[in-house]
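Spelled out, the chains give:
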Amino acid sequence: MIKKVFAWVDERFPLDEMIKHELTEYPVPRNLNYMWSFGFLAMFILIVQLVSGIFLAMHYKADVGMAFDSIQHIMREVNYGWLIRYLHSTGASAFFALIFIHIGRTLYYGSYRRPRELLWWTGLLLLLLLMATAFMGYLLPWGQMSFWGAQVITALFGVTPFIGESVVIWLRGDFVVGDATLTRFFALHYLFPFIICVAVAIHLVALHWVKSSNPSGITLHAKDNIPFHPYFTVKDLFGLGVFLIIFFGFVFFAPEFWIMPENNVPADPMVTPPHIVPEWYFLPFYAILRSIPDPLGGVVAMAMSILIFLAMPWLDRSNVPGGAKFRPGYRIMVYVWFVDLMVLGYVGAQAPEGIFVLLGRIATFVYFGLFLLLPFISKREERRSRVQGLPREAERLIREEQEELLRSEHYLRRENDEKELKNIRKRLEDES
Amino acid sequence: MRRLLVLLSAVAMFATAQGVMASAAGALKMVDIDSSEQARQRGAEIVVGTCMMCHSLKYIKFADLKEIGMKEEQITALLEDQDIDDRMLSLTPIEIRKESYGKVPPDLSLMAVARQKGPQHIYTLLTDYYYKSAEQEETDNHLFPGIKMPDVLAYADAESDDERAEIEAQAHDVASFLVWASDPSAESRRTIGKYVILYLIILTTLLYLLKRRVWSKLH
């Protein structure tokens, strides 16, 4: 019966073909580590956000007089409303955490390099969409930080030359953040996830065209690729399990960790909070914004701090294969950049006084300095490795892999797997 | 290993960032909050009898007090003109409250989560009153200098350590009650959470074994 149904469908729709092409026969490098699970996890949390968001929208009221109360209505009177709301609020932070690790992995392993530029750019577009969605969603609870955050960020557009003031009014729909702003942010917060879904589809099409990169950064031979299903479905599901333990740990035991106390106070345009702090995932960019003394310069720097990633495929001029693993200079840069981002995040959470102003400026300088240095460092590094050969670590990796192959040869001999054995012998010959 | 360290350092960064923000709240008296029903019930009685002269708890109905183990008779004993299904609103007319304090005193439903270390904040505020001068005319508050709210538990008037301890116990009960009020589902949330995490640990262990089994075909 089931076979008949599938046959009927396959005659009219390439279902079987798609399953084969995208899952059971989709080749994935076998040496991927768990850092390659984060894309899948991000997609999972996107679905969590979509589903919890739709249920929240059923009970939420986008009206300045009712928004704050309707959140408490969800928390206290809707069946399991607290669960839906905490899933959504914790999910937002989880989404950024996953995406930041996903991007960090791309940088570390050089996955943005040829031929994955478009994959990288669609990913960055997704980051920008995610940031816009999160920013608009944060206004909806209509707490103090929601209101003042939106007030500050929309005011930034006022630096646009000549038409700044009009742009701000156009964005807010009013002279200040008010009811018009709340309703439009709600409408857009509901719309953007659909745009994100389309962008994810494009991201995946690009991925399935160029295939996954891998920790060595070298495109592996066909025989070192294994089908996505069952190997990576089960691996990603295990990764999902680990992630869910952490995620639900927060949802059930510390959901308020991700909600600022100030946002449990209803928005009051007459009372400015002592210091306005964005959510943690915006802190580094907020620090960059505040580190530039000129307002226009600050906004441009903040925008550039993300847009500059678009240029990574050009800034990195090295032809040494592999990511940071085989490239000591680049590796140091990635680590410095990572620490710098942490420093910026820390500075972003502080009031802009005393030492933090200086620290923020230094960190901002380092942040952009690294990008500007990259073309020179990558070129120098390439020249050096041409002379000296690959770094010792790379050689060690190759040796280890050979030993691994020898071990599997031994195993296969026992198992009498002739075909696989032949493959491995050939590969050992190739490598020596 | 290195990756793990990097991840851990990231977590530590955010934790310290939160900690730094919290320490900005001032000198709080760090008491542990009693989550027993008795403490909450005593707190509810103080809140209804004293705080609700001026403050409301608009997200809570009197009937909700059954959730902290109060009997219907106990709750009706707290009521004045209200019905048991009414929200816990102050009976003092809003104009009078506004006139007395310059603004309507804030709603207390979410007070325990509306400040850094909210419960400790509530406890400290209630027990931080002192007389400005020896004449004992005007009180002020160490945590919140210039506060409009009077010294409702009469902490500044306390003359002996016993009296002070009694008021501290009351402040503690108020904090206990307001913690419950800020998130009444917290207890069932934690109960469900234990099962969810237990289930996930078993599931994840099985998935790990399954992963090893599937991948063993490769080596």
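Computed from a predicted structure; not experimentally measured. (Residues numbered from 1 in each chain as written. Chains lettered and ligands numbered in written order. Predicted model: local features only at pLDDT ≥ 70, side-chain atom pairs only at ≥ 80, totals over all residues. Heavy atoms only, no water.)

Caption draft 1: How the structure looks around unusual backbone geometry. Cis geometry is adopted by the peptide bond preceding Pro-115 of chain A, which originates at Arg-114 of chain A and carries an omega value of 5 degrees. That bond from His-229 of chain A to Pro-230 of chain A is cis: its omega, 10 degrees, falls within 30 degrees of zero. Residue position: Pro-230 of chain A is located in helix α10 (residues 228–253). Even without being a glycine, Tyr-80 of chain A presents a positive backbone phi close to 55 degrees. Along the chain, Tyr-80 of chain A falls in the loop between α4 (67–76) and α5 (81–108). Phi at Lys-117 of chain B is positive, roughly 50 degrees, even though this residue is not glycine. Looking at where Lys-117 of chain B falls in the secondary structure, it is placed in the loop between α4 (94–101) and α5 (118–126). Lys-117 of chain B gets classed as partly exposed once you look at its relative accessible area, which sits at 41%. (Helix = DSSP H or I, 4+ residues; strand = E, 2+ residues; numbered from the N terminus. Buried < 20%, exposed > 50% of the residue type's maximum accessible area, 1.4 Å probe, protein only.)

Caption draft 2: Main features of the nonpolar core. Counting residues in each nonpolar core, the largest one holds 106 residues, and the members touching the most others are Leu-107, Phe-243, Phe-247, Phe-248, Phe-309, Met-312 and Tyr-367 of chain A. Top element by residues in this core is α5 of chain A. It accounts for twelve residues. Looking at which domains feed residues into this core, each of domain 1 (29–257) and domain 2 (277–390) of chain A gives three or more. Contacts of Phe-243 of chain A, omitting those with residues within four sequence positions, involve Leu-41, Ile-45, Ala-94 and Leu-98 of chain A. Among the nonpolar cores identified, the runner-up in size contains 36 residues, and Val-31, Phe-62, Leu-65 and Val-174 of chain B belong to it. (Core = buried A, V, L, I, M, F, W, Y, C linked by side-chain atoms within 4.5 Å. Domains from an automatic or database assignment. Contact = heavy atoms within 4.5 Å.)

Caption draft 3: Seen up close, a negative patch on the surface. Together, Asp-157, Glu-159, Asp-162, Glu-163 and Glu-166 of chain B make up a region of like negative charge exposed at the surface. By relative accessible area, which is 71% here, Glu-159 of chain B ends up exposed. (Patch = residues over 30% accessible without salt bridge, like charges linked within 9 Å, V, L, I, M, F, W, Y side chains within 5 Å. Areas by Shrake-Rupley, 256 points an atom, 1.4 Å probe, with all protein chains shown as cover. Salt bridge = Lys/Arg side-chain N within 4 Å of Asp/Glu carboxyl O. Lys, Arg positive; Asp, Glu negative; His and termini not counted. Charge placed at Lys NZ, Arg CZ, Asp CG, Glu CD.)

Caption draft 4: Representation of helix α6 (residues 161–182) of chain B. Between its first and last C-alpha atoms α6 of chain B spans 31 Å; for 22 residues at 1.5 Å apiece the expected length is 32 Å, and the two agree. Considered for burial, the residues of α6 of chain B that qualify are Ile-167, Ala-171, Asp-173, Val-174, Ala-175, Ser-176, Phe-177, Leu-178, Trp-180, Ala-181 and Ser-182 of chain B. On its buried face, α6 of chain B is in contact with α4 of chain A together with α2 (37–49), β1 (57–61), β2 (87–88) and α5 of chain B. (Expected span 1.5 Å × (residues − 1).)

Caption draft 5: Spotlight on the packing of helix α6 (residues 117–139) of chain A against helix α9 (residues 179–210) of chain A. All names here are of chain A. Here α6 crosses α9 at 160 degrees, and the two axes come no closer than 8 Å. With respect to their mutual orientation, α6 and α9 come out roughly antiparallel. For the element pair α6 and α9, the recorded crossing hand is left-handed. Of the residues belonging to the contact of α6 with α9, the class tally is 21 nonpolar, seven polar and no charged. (Axes fitted to C-alpha atoms, helices over the stretch in contact; angles between N-to-C directions. Parallel < 35°, antiparallel > 145°, perpendicular 65-115°, else oblique. Left-handed = near helix turned anticlockwise from the far one by under 90°. Nonpolar A, V, L, I, M, F, W, Y, C, P; charged D, E, K, R; others polar.)

Caption draft 6: Region of interest: the interface of chain B and chain A. Contacts between chain B and chain A engage 47 residues on the former and 52 residues on the latter. Sorting the residues of chain B by area buried against chain A places Tyr-59, Arg-189 and Trp-215 of chain B first, and these three jointly supply 15% of that buried surface. Summed over the shared surface of chain B and chain A, the result is three salt bridges. Of the charged contacts in the structure, one is a salt bridge between Lys-58 of chain B and Asp-69 of chain A, with a shortest N-O distance of 3.3 Å. Here chain B and chain A share ten residue pairs in polar contact (both at pLDDT 80 or more) between them. Mapped onto the side of chain B that touches chain A, the elements with two or more residues apiece are α1 (2–23), β1, α6 and α7 (186–216) of chain B. Top contributing element to the side of chain B that touches chain A by residue count: α7 of chain B, with 18 residues. Residue classes in the side of chain B that touches chain A are distributed as 25 nonpolar, ten polar and twelve charged. (Buried area = accessible area lost by both parts, 1.4 Å probe. Polar contact = N/O pair within 3.5 Å; in protein donor to acceptor, adjacent residues only side chain to side chain.)

Caption draft 7: The arrangement of α7 of chain B in detail. Counted at 1.5 Å a residue, the expected span for α7 of chain B with its 31 residues is 45 Å, and the 44 Å between its end C-alpha atoms agrees. For α7 of chain B, the set of buried residues is Ala-186, Arg-189, Gly-193, Ile-197, Leu-200, Thr-204, Leu-207, Lys-211, Val-214 and Trp-215 of chain B. Tucked into the core, α7 of chain B has its buried residues touching α5, β2 (225–227) and α10 of chain A.

Caption draft 8: Focus on the environment of Leu-127 of chain A. Residue and element names in this part refer to chain A. Secondary-structure assignment places Leu-127 in helix α6. With 179 residues separating them along the chain, Leu-127 and Ile-306 place their C-alpha atoms 9.0 Å apart. If near-sequence neighbours (up to four positions away) are discounted, Leu-127 is found in contact with Ile-99, Phe-100, Ile-103 and Ile-306.

Caption draft 9: The arrangement of the environment of Ala-156 of chain B in detail. Residue and element names in this part refer to chain B. Topologically, Ala-156 is positioned in the loop between β4 (139–141) and α6. By relative accessible area, which is 16% here, Ala-156 ends up buried. Along the backbone, Ala-156 and Tyr-130 are 26 residues apart, and their C-alpha atoms lie at a distance of 4.6 Å.

Scope: geometric values only; no functional claims are made or implied.
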